[in-house]
Amino acid sequence: MAYSEKVIDHYQHPRNVGTLDPKDANVGTGLVGAPECGDVMRLQLKINPETGVIEDAKFKTFGCGSAIASSSFATEMIKGKTVDEAYAIKNTTIVQELNLPPVKIHCSVLAEDAIKAAIEDFKKKQATVPVESMA
Amino acid sequence: MDHYLTFGIDRTFGIDRERLEKRFYQLQSSSHPDRHVRAESERREQALAESSDINEAYRTLREPIPRAKHLLELYGFSVADQKSVPPGLLMTVMEAQEKIAEFEAATDRETKQEAMSELVAITEGLETQRKAIDEERDRLARTWDIAMHPTDPAQLSDREKEELGRIAQLISERAYLETLRISVTAARQGKPAFIQH
């Protein structure tokens, strides 16, 4: 399998690997898996509840090079974006940017799913935050 | 392409591997490009295409998982579409992977041994889970194989769709455990897990 230079770069030097406090009300966590290859990806976003801007993004992905590169690239791309902008991101953007071959398109789908799952988790948390702590 | 048709065998999950192998050599010897070196170029190209179809069909049908995936695809079921994962499975896999990372990062022997023994406990649990998954899949596949089914996906009954959907889901659950198993094995051998699908 020939990977593009960008994939190799993200695979060898992944950006934003790590963990954010999952209990923080402003952190949304998305944990998703690729049903066919068994890769798992966890994406966490720290979102400013006032402005809706994504202030930080961390990921941990266990899987093939393309899955790691897709999530690394996704975290780079969504930092500074608003929740709505990030939610609208399509996997095709990742495919184009990383030049993923057809057999690896599902890795980009995984990253898109992870972004959406993290945002949904954040929204669910915000909806249940007690009023007095919302300041 | 229906690989079962290429081999002229019934569309079932279980197959007679010995028969498959014999049939493979038969088919291959009649279409092998070497047998057509003196033929016209059109016939030679046709033989080449046939030969590559036969190879692909054999590779797919030889092993149970690729074979099952192929059968499912013929009925319009894709393992890649199985987005629902049983609660807890992804979490457990993630925890185990983090334990591997902990094991690899540990510099002193004690921490390393501790991480490894926790990892062994986790993987033993997952191994039990994997056996249960395989047993259920085997059972469903055998039940499927002894009954008659339409070849046209549009004619599948709700019951048949449910059975195939469940098999697709079990294959996906197995994939998570398999990827983890590769990582654990690599960690134990002190090698980085290089996952290629």
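Residues numbered from 1 in each chain as written. Chains lettered and ligands numbered in written order. Predicted model: local features only at pLDDT ≥ 70, side-chain atom pairs only at ≥ 80, totals over all residues. Heavy atoms only, no water.

Residue and element names in this part refer to chain B. A full pass over the atoms with the stated rule returns 21 salt bridges over all chains. The partner of Asp 134 in a salt bridge is Arg 137, and the shortest N-O contact between them spans 3.2 Å. Note that Asp 134 and Arg 137 are positioned in helix H6 (residues 109–146) at a spacing of three residues, about one turn of the helix. Residue Asp 134 shares its accessibility class with Arg 137, and that shared class is buried. A single network of salt bridges, built from pairs that share partners, joins Glu 127, Arg 130, Glu 178 and Arg 181. (Salt bridge = Lys/Arg side-chain N within 4 Å of Asp/Glu carboxyl O. Helix = DSSP H or I, 4+ residues; strand = E, 2+ residues; numbered from the N terminus. Buried < 20%, exposed > 50% of the residue type's maximum accessible area, 1.4 Å probe, protein only.)

Residue and element names in this part refer to chain A. In space, the three strands of this open sheet follow the order E1-E2-E3, with antiparallel pairing throughout. Only two strands of the sheet have a single neighbouring strand rather than two, namely strand E1 (27–33) and strand E3 (54–62). Between one strand axis and the next, the sheet turns through 15 degrees on average, direction left out of account. Inspection of the sheet shows E1 paired to strand E2 (residues 40–47) by seven bridges, in the antiparallel sense. Paired with Gly 33 across the two strands is Val 40, which belongs to E2. (Pairing = 2+ DSSP bridges. Axes fitted to C-alpha atoms, helices over the stretch in contact; angles between N-to-C directions.)

Let's shift gears to the packing of aromatic side chains. Scanning all chains against the criterion turns up five aromatic pairs over all chains. The rings of Phe7(B), Phe24(B), Tyr25(B) and Tyr58(B) are connected pair by pair, giving a single aromatic cluster. The positively charged end of Lys116(A) is found above the aromatic ring belonging to Tyr87(A), 5.2 Å away from the centroid. We note Lys123(A) situated over the ring of Tyr87(A); from NZ or CZ to the ring centre the distance is 5.7 Å. (Phe/Tyr/Trp six-rings, centres within 6.5 Å; stacked < 30°, edge-to-face > 60°. Lys NZ or Arg CZ within 6 Å of the ring centre and 35° of its normal.)

Another point: the nonpolar core. Among the nonpolar cores identified, the biggest contains 46 residues, and Phe7(B), Phe13(B), Leu72(B) and Leu164(B) are the most heavily contacted of them. Of all the elements in the fold, those that place two or more residues in this core are helix H1 (3–7), helix H2 (17–31), helix H3 (41–62), helix H4 (64–74), helix H5 (89–105), H6 and helix H7 (158–188) of chain B. It is H7(B) that contributes the most residues to this core, 10 residues altogether. Apart from residues lying up to four places away in sequence, Phe7(B) is in contact with Leu20(B), Arg23(B), Phe24(B), Leu27(B), Ile54(B), Ala57(B), Tyr58(B) and Leu61(B). Counting residues in each nonpolar core, the second largest holds 31 residues, with Cys37(A), Phe73(A), Val83(A) and Ala114(A) among its members. (Core = buried A, V, L, I, M, F, W, Y, C linked by side-chain atoms within 4.5 Å. Contact = heavy atoms within 4.5 Å.)

Locating Ser172(B) in the fold gives a position in helix H7. A distance of 3.3 Å separates a polar atom in the side chain of Ser172(B) from the backbone oxygen of Pro35(A). Excluding its chain neighbours within four sequence positions, the residues that come into contact with Ser172(B) are Pro35(A), Val79(B) and Gln82(B). (Polar contact = N/O pair within 3.5 Å; in protein donor to acceptor, adjacent residues only side chain to side chain.)

Treat this as a map of the structure, not an account of what it does.
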